[in-house]
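Fold and contact review
This is what each chain is made of:
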Amino acid sequence: MATLARERQQAEQLLHRRVVPATDPPEFTEPDASMLTTNAAIAALDRKMSAVLGTAEHMQNAQLDYFQHALEQAERELTLLRSLATTAAAESAAARTSAEQYRIECEALREKNDQLTQIIDKMVQSGDEMRKFSLMSIDDARGEVRTWKERCANLELQQARDAQTLDTMRRANLAAALAVAKEHT
């Protein structure tokens, strides 16, 4: 298309070069053969240009239709992308709000967890102290049991000695009583 337009301009320039403007009105002269072939070439070129321009105009209309369709498609996609961006922005804002709420809840739960951890630590410490007290009490009780066992063993031994001493004294008294009774008899 650009080539045809250039060829037409070149032909017109060639035609204008051959025509020399005169100061006096030109006399009618018989057109020479070169002029006729040039005019015929220009006419043929005009017909060719008109056909090509018609085709070019049709092509331009097709291109315009294509670009119009592409523009409409791009506008639809842009509208869709804008709506998606708006939706994404809303979802992002909701997610940020939700994340902030979760952060606040998480902080509250951390504080509660810290409190419970302190309570559990106190309970463990108290349990350790109770365990120590219990172990000491058990040791004390075992010591007392041992002491009482030793006392009981000593008392049983003392009782056995006392019983033996008593038995010995009873025998001695009996023997003395028998001796006194024999003497009185």
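Here goes a summary of the coordinates provided. (Residues numbered from 1 in each chain as written. Predicted model: local features only at pLDDT ≥ 70, side-chain atom pairs only at ≥ 80, totals over all residues. Heavy atoms only, no water.)

1. Considerations on the overall build of the chain
Within the chain, the regular secondary structure consists of 2 helices and 0 strands. Counting across all 185 residues of the chain, residues that qualify as buried make up 4%. (Helix = DSSP H or I, 4+ residues; strand = E, 2+ residues; numbered from the N terminus. Buried < 20%, exposed > 50% of the residue type's maximum accessible area, 1.4 Å probe, protein only.)

2. Quick word on the packing of aromatic side chains
Counted under the stated rule, the structure contains 1 aromatic pair. Directly above the ring of Trp 148 sits Arg 151, whose terminal nitrogen or CZ lies 4.9 Å from the centroid. (Phe/Tyr/Trp six-rings, centres within 6.5 Å; stacked < 30°, edge-to-face > 60°. Lys NZ or Arg CZ within 6 Å of the ring centre and 35° of its normal.)

3. Looking at the pattern of salt bridges
Within the structure shown, the criterion is met by 3 salt bridges. Between Glu 107 and Arg 110 there is a salt bridge, and its shortest N-O distance comes to 3.0 Å. Of this pair, Glu 107 and Arg 110 both sit in helix α2 (residues 33-184), separated by 3 residues, roughly a single helical turn. (Salt bridge = Lys/Arg side-chain N within 4 Å of Asp/Glu carboxyl O.)

Shape is all these values report; function is a separate question.
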